[in-house]
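Coordinate analysis (summary)
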Amino acid sequence: MIRFDSVTKRYPDGTTAVDGLSFEVGEGELVTLVGPSGCGKTTTMMMVNRLIDPTHGRISVDGADIAGVDPVQLRRRMGYVIQQTGLFPHRTVLDNTATVPFLTGWKKAKARERAAELLDLVGLDPGVYGSRYPEQLSGGQRQRVGVARALAADPPVLLMDEPFGAVDPVVRDRLQKEFLRLQATMHKTVLLVTHDIEEAIRLGDRIAVYGAGRIEQYDTPAGVLGAP
Ligand code: ADP
Ligand code: ADP
């Protein structure tokens, strides 16, 4: 479904963020990208929805080279979840969640109805939380809204950059569990960035372990844990 062939990204200042990446993510597969800060995980993810483009190599989605796909069209098929800052501070939780379907042509009432369903799905009662603003939520609740919003257009692909990063370990544990439960019914193709190896192993069907700019191991949880 998503395929990297010898992808290199060099930023204008000369930094080589990733160097010769080749890997593949199957349809419905959840792949975690894990490694220390600065090893190229976010760069990898941003190339998938063309927030940035590779310097060399090729990325394809469903067999088509994305260099030839309009970024706006591409992003319609990809929900993007980032840590904290993703929410619009001056819009309610319901409107934050309804924005994407609304922008892609849904009627306002229909978009809000869908947003309410999604909030429910991620464990936020829309009747209680829908009318709040992001700053009136806990960190864990904000991250739930981020996930609901990414799911709003029902994209086949989810790109998640440290989606459970900014909360305490107890909340993180709960969000991870709930996300796994959700994924068991959604079967999205997911790329999830984390610097936490335990999270990577817990969530990933496969795990890409990064060293500086390269994937050093690409394996199942059992493989990464060194089981026979
Ligand atoms: P990670 O997500 O693993 O922390 P990044 O992909 O953000 O890593 O960064 C990889 C490398 O590229 C780092 O050395 C980082 O400093 C560098 N980098 C990231 N963005 C830019 C940029 N816009 N310009 C120059 N260098 C960058
Ligand atoms: P979580 O376990 O999701 O991190 P918290 O323990 O942080 O939740 O928050 C518990 C409750 O307090 C939640 O119902 C949340 O909505 C509410 N809350 C947290 N921060 C604020 C705030 N700044 N303003 C209003 N309510 C808040």
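The name recorded for the protein in an unreviewed UniProt entry is ABC-type quaternary amine transporter, from Streptomyces auratus AGR0001.

In this section: the site of ligand 1. Around ligand 1, a shell composed of Tyr11, Asp13, Thr15, Ala17, Pro36, Ser37, Gly38, Cys39, Gly40, Lys41, Thr42 and Thr43 is seen. Within the backbone of Thr42, one N or O atom sits 2.8 Å away from an oxygen atom of ligand 1. With respect to ligand 1, the side chain of Thr43 contributes an N or O atom lying 2.5 Å from an oxygen atom. Relative to its free-state accessible area of 560 Å², ligand 1 is covered by the protein chains to the extent of 62%. By residue number, the principal contributor to the shell around ligand 1 is helix H1 (residues 41-48), which donates three residues. Its residues placed into classes, the shell around ligand 1 shows four nonpolar, six polar and two charged.

Looking now at the site of ligand 2. Around ligand 2, a shell composed of Tyr129, Arg132, Glu135, Gln136, Leu137, Ser138, Gly140, Gln141, Val171 and Arg174 is seen. Within the side chain of Arg132, a nitrogen or oxygen atom sits 3.0 Å from an oxygen atom of ligand 2. The backbone of Gln136 places a nitrogen or oxygen atom 3.2 Å from a nitrogen atom of ligand 2. When isolated, ligand 2 has an accessible area of 560 Å², and the protein chains bury 48% of it. Secondary-structure elements contributing two or more residues to the shell around ligand 2 are helix H6 (139-151) and helix H7 (169-186).

About the cut-offs
- Throughout, a residue's number is its position along its own chain's written sequence, starting from 1.
- Following the order in which they are written, the chains are lettered starting with A and the ligands numbered starting with 1.
- For this predicted model, a pLDDT threshold of at least 70 governs which residues receive local features, and a threshold of 80 or more governs which side-chain atom pairs are given and counted, while totals over whole chains, interfaces and linings are taken from all residues.
- Hydrogens and waters are ignored; side-chain quantities use all the structure's heavy atoms.
- Neighbouring residues are identified by heavy atoms, a residue being near a molecule or strand if any of them is within 4 Å of it.
- For the purposes of these results, a polar contact is taken to be a pair of N or O atoms within 3.5 Å, where, inside protein, one atom must be able to donate a hydrogen and its partner to accept one; residues adjacent in sequence count only when each atom of the pair is a side-chain atom.
- In this description, accessible areas are obtained by the Shrake-Rupley approach with a 1.4 Å probe, and a residue is regarded as covered only by the protein chains that are shown.
- Where helices and strands are cited, they refer to DSSP runs of H or I of at least four residues and of E of at least two residues respectively, numbered from the N terminus.
- Here the term charged refers only to Asp, Glu, Lys and Arg, the term nonpolar to Ala, Val, Leu, Ile, Met, Phe, Trp, Tyr, Cys and Pro, and the term polar to all other amino acids, Gly among them.

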